[in-house]
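# Structure assessment
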Number of protein chains: 4
Amino acid sequence: MDYLTQFKSIRDYTIQLCDPLETEDYVVQPIIDVSPPKWHLGHTTWFFETFILKQFVEGYKVFDPEYDYVFNSYYETVGARVIRTDRGNLSRPTVKDVYAYRKYVDDAMVKLLQNSLSKEMEEILLIGFNHEQQHEELLMSDIKYILGNNPLFPAYKVESALEKKTFIPSPEFLKIKEGLYEIGYAGEGFCFDNELARHRVFLNEYSISNQLVTNAEYLDFMEDGGYTNFNFWHSDGWAWVKTNGIKAPMYWHKIDGQWQNYTLSGLQDLDLNEPANHVSYYEAAAYASWKGMRLATEAEWEIGAADFEWGKRW
Amino acid sequence: MDYLTQFKSIRDYTIQLCDPLETEDYVVQPIIDVSPPKWHLGHTTWFFETFILKQFVEGYKVFDPEYDYVFNSYYETVGARVIRTDRGNLSRPTVKDVYAYRKYVDDAMVKLLQNSLSKEMEEILLIGFNHEQQHEELLMSDIKYILGNNPLFPAYKVESALEKKTFIPSPEFLKIKEGLYEIGYAGEGFCFDNELARHRVFLNEYSISNQLVTNAEYLDFMEDGGYTNFNFWHSDGWAWVKTNGIKAPMYWHKIDGQWQNYTLSGLQDLDLNEPANHVSYYEAAAYASWKGMRLATEAEWEIGAADFEWGKRW
Amino acid sequence: MDYLTQFKSIRDYTIQLCDPLETEDYVVQPIIDVSPPKWHLGHTTWFFETFILKQFVEGYKVFDPEYDYVFNSYYETVGARVIRTDRGNLSRPTVKDVYAYRKYVDDAMVKLLQNSLSKEMEEILLIGFNHEQQHEELLMSDIKYILGNNPLFPAYKVESALEKKTFIPSPEFLKIKEGLYEIGYAGEGFCFDNELARHRVFLNEYSISNQLVTNAEYLDFMEDGGYTNFNFWHSDGWAWVKTNGIKAPMYWHKIDGQWQNYTLSGLQDLDLNEPANHVSYYEAAAYASWKGMRLATEAEWEIGAADFEWGKRW
Amino acid sequence: MDYLTQFKSIRDYTIQLCDPLETEDYVVQPIIDVSPPKWHLGHTTWFFETFILKQFVEGYKVFDPEYDYVFNSYYETVGARVIRTDRGNLSRPTVKDVYAYRKYVDDAMVKLLQNSLSKEMEEILLIGFNHEQQHEELLMSDIKYILGNNPLFPAYKVESALEKKTFIPSPEFLKIKEGLYEIGYAGEGFCFDNELARHRVFLNEYSISNQLVTNAEYLDFMEDGGYTNFNFWHSDGWAWVKTNGIKAPMYWHKIDGQWQNYTLSGLQDLDLNEPANHVSYYEAAAYASWKGMRLATEAEWEIGAADFEWGKRW
């Protein structure tokens, strides 16, 4: 795919993700780790404006000089401002303003991408693509948080029910032989710096499940006192459980004696055969400990996962 | 004015105040003391629905049973909910939903108010009017906070410049004789319970300025080290100054060496002849102390203010 | 009593109060509002050294120049120090050092007080006396807190049981007529500035109990749901109850189904006929509200209390 | 060494470490990570009482049943207590009480250790020895914190100056070949569980300095803007620097333009040839980054350090 097509495709997909949102959904920031969707829209745009258009387009006029402050993410290097501006406090720029900003920058980018690119610009462009795709992931996670923590539990988009899975997952443990393995990115194209360098690690023989833990299995853990027995937990994790009164994974709600799960289609009866998700590291570690196992290390996971096609059942 | 006309007039005025807002401005809650404008719109509506329509209209069907949770203000009495809902986290109900809620309730109210009212209902209605008017004041204060703490400093509504005041205020101190005075609400109509009971107080002779402190005077205080000399401040106030790095009243910004004031028309050069406003109790007390005076007590203020027409110059 | 005798008597009494303490009890600061006893001992000494000896004794040599930092209470005016020094973190100066400091200063004071005093010095001396007596009150309150919040509940000093009171208190409400009253210090000698100026207040007719609320009465309030019904509480007070899980006055402990009260003689069965004490303003206001009454204002209390001999039964 | 001799030697050494302390130094807890010395003395004693004497000595009578609450470290499993007990709030038990507790337990242990031990008891005994030795390390670190954060900077114990080192350290970088290495405890005797299991790791070729970073080198980092340039720091580390106003390692104080270092002998001129110590992980990582290097991983460090005798110069 040429750069122009790629650019359009990525930029369009971000907007497509926001399509089901109401204006109000773009604005809020329920917790510090969530960014308002309009900030994601603005920030990814600011990236192309700041690192490509301002650098490589002679005479480029920025859309609004104030946006540099509002949409950059390196607050450290920005001069002191007189007022405190949490992302979730900002009603302006409006969503409409942000879409106008996107269009303005996209138009300039499209024009630029019709020419041949210098090597330097090409590299920044690729970072911009990957940067925006990373924010697409964050965006979905943040949208789910915003809607799933609203007492009305609005659906993002009601999907027609997928064909019901009827099998019961029957995990097998794959044995991985001891030996020297290589991990890290081995491809040709773009990768983030923390995926490098490709390097060797020694792994002792270990076994790893070929299936993800299901909600049914996680429920067993809960019903066996998972959240009340500190023996399963890291010390930090147990403090987290007690301080926050954690009793179930995020998005699980016991309503009238029945476990419900907030999904992008709204509240649903908990599907026992689906993989458990939105559990924290602490919960995952406690679950493993309850099972008499432990979590895989990063290297064990990477090698185990590379070994076959994961999750084909899901 | 009959009740129906009064009802319409008050309800319309609330909406009129929101007229200059963008959808996004209705949603945010920058600090705990500010409520999102859409919450004010919903809450005042919830009052009429809950205390009048549900009580007095047979067969009344509530607009949405969930709104009772979202728009009541007595969180204490509401049963435990599984999720944490700060007002400023809630993107739903949308602004459009809230306006639909207002219309639904207003229609029912208008119909009801065409009949004659029981004494009991009349009393609740009057509370509802005053309750909404109180929220209109809060609304303006909250809107100013939301816009005035945005780094873009958007104007609420740019007014054509008022005719420039050219006089220099020359305050005089009014002497109030010692004696027994009556304070508290003395009228016939509605008042809030904390304006009662009318009662006698003894005041020693005192003097009180017949004009409000101006920005010019307050600036003198600042330039004389008002915010750096702890002798002027209550102990609590000084802690507040130091903890928060307070250096000027809220909404004052020194930009390129010039004091600017955020007003509903946006950032403006500080008008030296206007009354200083948005100062906290601590700042007012420190200013008075610097002047070698003290703040008036509530009773001194009420009697002093009743004595003549205040603020006719402003 | 001449100044020298007064000085000795006050200084001795402070030490007498500390007599039952172990060295360790002098050191700790369980909460920010409590000062370690050794700090009280040092600070009252520092007062005489700083404001009398350093001012009026030619060639006076301070005991230790560092103590000015350690024992002053006006941290605001002290230059920045490189380390954070909460009073309760300081193991040094030791208790022995502090007693040596007291002796050093007392010796110099005793010598000085054998001469005639200037008017100016006399005034400061009187402040020093009253300042130390104020700290004696704080000292007892702080000692009780330190011992009463230790899981071993050590007694300060076990008193032989006072003769058991056998009567049941039967409070009467005194009616105070409406009228102009004078409040504030009216004597000749020393008083603190907040006891001045003597001034007139108008009081409406009111009634005030001639006896203090007993533990029995307070227990009635508790057993009638005093700590669980938010209607009795100020909004701030209710937040305090909920945030801190308050269920009884400080020092009350329900042990094996029986209310115990930590007293200076250690844990004791709650004496139902004693006045309730160590209740906060919030608790007092909630109790009054439950009774269908309200707390007296400062002026009502001062006039009501001046009217007869209080507490002769206790 | 037989168990009895070992027991006595370890128990004595703990007390020896406390020898220079004043009673007051045993009591305070300036920060949450520091435990009061008397708690260390009591806790290590509680270990032998709880896991050996109570288990293996028939009819053993505990010194004080309350101490189980005061000196255990597993607060999680202890039933709810009515009062909050931070270790640093507790003036009782006194230091004298704690020494009596030690003596009581030691006497019983000495008697027990004169008999032959079961395998099970032997294992617990070894844990007790190592547990106490671990607390000896903590004790020294906590004592230094307590004294070194006192504004009087008391010395722990003034040592006669060691013979002055005159050489300038000249570090060399040792090259470690790539390959499979074994790490983890390989000995016969006791080790903690986190030193196990002995396992293989693959290391890429790397270089590691054969000397520790000196204060002189660390000062170069500081003078080159180490604490003001966020590029050197992890994001978390930079937040730590800014939030806490960190400008130098703990215990370094610039006094009258000269760097002083709080040592166990009190404040001393900074010795430029000594290894930099009391730097946090963040500071170590920032220093390495400034050097154009990185910190060694745990495995790199273990293998590098095993390769030759470290620190023979210090």
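Residues numbered from 1 in each chain as written. Chains lettered and ligands numbered in written order. Predicted model: local features only at pLDDT ≥ 70, side-chain atom pairs only at ≥ 80, totals over all residues. Heavy atoms only, no water.

### A short note on the relation of the copies chain A and chain B
With an axial shift of 0.0 Å and an RMSD of 0.1 Å, the rotation relating chain A to chain B amounts to 180°. The superposition of one copy onto the other is thereby described by a two-fold rotation axis. The position closest to the rotation axis in chain A is occupied by the C-alpha of A:Glu24, lying 3.0 Å away. (Least-squares fit on C-alpha atoms with pLDDT ≥ 70 in both.)

### A closer look at the environment of C:Met222
Residues and elements named next belong to chain C. Within the secondary structure, Met222 sits in helix α6 (residues 215-223). Met222 gets classed as buried once you look at its relative accessible area, which sits at 14%. Residues Met222 and Asp2, spaced 220 residues apart in sequence, show a C-alpha to C-alpha distance of 50 Å. When neighbours within four sequence positions are excluded, Met222 is seen to be in contact with Tyr227, Lys247, Ala248, Pro249, Trp252 and Trp259. (Helix = DSSP H or I, 4+ residues; strand = E, 2+ residues; numbered from the N terminus. Buried < 20%, exposed > 50% of the residue type's maximum accessible area, 1.4 Å probe, protein only. Contact = heavy atoms within 4.5 Å.)

### Description of the relation of the copies chain D and chain C
Least-squares fitting of chain D to chain C yields an RMSD of 0.0 Å, with the superposition described by an axial translation of 0.0 Å and a rotation of 180°. A high fraction, 100%, of the interface residues of chain D reappear at the interface in chain C, so the copies pair face to face through one surface.

### Here we look at the interface of chain A and chain B
Listed as interface residues are 35 residues of chain A and, on the opposing side, 35 residues of chain B. Three residues stand out in chain A for area buried against chain B, namely A:Glu24, A:Arg92 and A:Pro151, and they jointly supply 25% of the buried area on that side. Taken together, the links from chain A to chain B amount to two salt bridges. We note a salt bridge from B:Asp25 to A:Arg92, for which the minimum N-O separation is 2.6 Å. Joining chain A to chain B, the criterion identifies eight residue pairs in polar contact (both at pLDDT 80 or more). Put simply, the parts of the chain that give the side of chain A that touches chain B at least two residues each are α3 (67-71), α4 (95-113) and α5 (119-148) of chain A. Considering only residue class, the side of chain A that touches chain B consists of 17 nonpolar, 10 polar and eight charged. (Buried area = accessible area lost by both parts, 1.4 Å probe. Salt bridge = Lys/Arg side-chain N within 4 Å of Asp/Glu carboxyl O. Polar contact = N/O pair within 3.5 Å; in protein donor to acceptor, adjacent residues only side chain to side chain. Nonpolar A, V, L, I, M, F, W, Y, C, P; charged D, E, K, R; others polar.)

### What about the pattern of salt bridges?
Evaluation of the coordinates by the stated rule reveals 36 salt bridges over all chains. Measuring nitrogen to oxygen at the nearest pair gives 3.5 Å for the salt bridge that ties A:Lys119 to A:Glu122. Taken together, the residues A:Lys119 and A:Glu122, both in helix α5 and three residues apart, mark about one turn of the helix. Linking D:Lys103 and D:Asp107 is a salt bridge whose minimum nitrogen-to-oxygen distance equals 2.8 Å. Taken together, the residues D:Lys103 and D:Asp107, both in helix α4 (residues 95-113) and four residues apart, mark about one turn of the helix. We classify D:Lys103 as exposed; its relative accessible area is 52%. D:Asp107 sits in the partly exposed class, given a relative accessible area of 42%. Bridged by salt links that share partners, the residues A:Arg11, A:Arg102, A:Asp106 and A:Glu132 form one connected network.

### Examining the interface of chain D and chain C
Across the boundary between the two partners, chain D contributes 35 residues, which contact 35 residues of chain C. Summing both partners gives a buried area of about 3,000 Å² for chain D against chain C, and 62% of it is carried by carbon and sulfur. Its largest share of buried area at the contact with chain C, chain D owes to D:Glu24, D:Arg92 and D:Pro151, together 24% of the area lost on that side. Our enumeration of links across chain D and chain C arrives at two salt bridges. Where chain D packs against chain C, one counts eight residue pairs in polar contact (both at pLDDT 80 or more). Looking at the side of chain D that touches chain C, the elements that each hand over two or more residues are α3 (67-71), α4 and α5 (119-148) of chain D. Here the side of chain D that touches chain C is composed, by residue class, of 17 nonpolar, 10 polar and eight charged.

### Considering the packing of helix α2 (residues 37-56) of chain B against helix α5 (residues 119-148) of chain B
Two numbers describe a pair of packed helices, the interaxial angle and the distance between the axes. Residues and elements named next belong to chain B. Following both chains from N to C, one finds α2 and α5 inclined at 175°, their axes separated by 8 Å at the closest point. By the angle between their directions, the pair α2 and α5 is classed as roughly antiparallel. Of the residues assigned to the contact of α2 with α5, the class counts are 16 nonpolar, six polar and three charged. (Axes fitted to C-alpha atoms, helices over the stretch in contact; angles between N-to-C directions. Parallel < 35°, antiparallel > 145°, perpendicular 65-115°, else oblique.)

### Observations regarding the pairing of strand β6 (residues 258-263) of chain A
Residues and elements named next belong to chain A. Relative to β6, strand β5 (residues 252-255) runs antiparallel, the two being bridged by four bridges. Directly across from Ile255, in β6, lies its bridge partner Gln258. The loop that links β5 with its antiparallel partner β6 comprises two residues; one of these, Asp256, has a positive phi angle of about 50°. Summarising the sheet, β6 and strand β7 (residues 266-269) pair through four bridges and their orientation is antiparallel. Along β7, the bridge assignment pairs Gln260 with Asp269. Connecting the antiparallel pair β6 and β7 is a turn made up of two residues. (Pairing = 2+ DSSP bridges.)

### Section: the arrangement of the chains
The two units chain A and chain C remain apart, with a minimum C-alpha distance of 13 Å. In this view chain B stays clear of chain D, with the nearest C-alpha atoms of the two still 13 Å from each other.

### Comments concerning unusual backbone geometry
Here the residue pair A:Leu196 and A:Ala197 is connected by a cis peptide bond, since its omega of -15° sits within 30 degrees of zero. Along the chain, A:Ala197 falls in the loop between β2 (179-183) and β3 (199-203). Positive phi values are uncommon outside glycine, yet B:Phe153 reaches one of about 45°. On the secondary structure map, B:Phe153 appears in the loop between α5 and β1 (173-176).

### Looking at the environment of D:Glu49
Residues and elements named next belong to chain D. Following the sequence through the fold, Glu49 ends up in helix α2 (residues 37-56). On a C-alpha basis, the gap between Glu49 and Phe63 in space is 8.8 Å, while along the polypeptide they are 14 residues apart. Those residues in contact with Glu49 that sit more than four places away from it in its chain are Lys54, Tyr60, Val62, Phe63, Tyr101, Tyr104 and Val105.

### Remarks on the sheet that holds strand β5 (residues 252-255) of chain C
Residues and elements named next belong to chain C. With respect to topology, three strands assemble into an open sheet ordered β5-β6-β7, the strand pairing being antiparallel. Edge positions in the sheet fall to β5 and β7 (266-269), since each of these pairs with one other strand and no more. Averaged over all neighbouring strand pairs, the angle between strand axes comes to 40°, with direction disregarded. Sheet contacts for α6: β5 and β6 (258-263); angle to β5, the most-contacted strand, approximately 65°.

### Description of the sheet that holds strand β5 (residues 252-255) of chain D
Residues and elements named next belong to chain D. Across the sheet, three strands lie side by side as β5-β6-β7; this open sheet has antiparallel pairing. Of all the strands in the sheet, the pair left with one neighbour each is β5 and β7 (266-269). For this sheet the average axis-to-axis angle between neighbouring strands, irrespective of direction, equals 40°. The strands touched by helix α6 (residues 215-223) are β5 and β6 (258-263); relative to β5, the strand with the most contacts, the crossing angle is about 65°.

### Some details on the packing of aromatic side chains
For any pair of aromatic rings, geometry is given as the distance between the ring centres together with the angle between the planes. Residues and elements named next belong to chain A. The final tally for this structure, using the stated rule, is 134 aromatic pairs over all chains. Ring geometry for Tyr287 and Trp290: centres 5.7 Å apart, planes at 45°, overall tilted. With Tyr287 and Trp290 both in helix α8 (residues 281-290) and three residues apart, the pair spans about one turn of that helix. Overall, the relative accessible area of 21% leaves Trp290 in the partly exposed class. (Phe/Tyr/Trp six-rings, centres within 6.5 Å; stacked < 30°, edge-to-face > 60°.)

### Side note on the confidence of the model for chain A
Residues and elements named next belong to chain A. Scored by pLDDT, chain A comes out at a mean of 90, with 90% of its residues at no less than 70. Ignoring residues within four places in sequence, the model shows residues 75-83, a span with pLDDT below 50, making 20 contacts including any to other chains. In this model residues 310-314 is a low-confidence stretch, pLDDT under 50, and it forms 20 contacts with partners more than four residues away in sequence or in other chains. The ipTM assigned to the predicted complex is 0.89, against a pTM of 0.87. (pLDDT = per-residue confidence, 0-100.)

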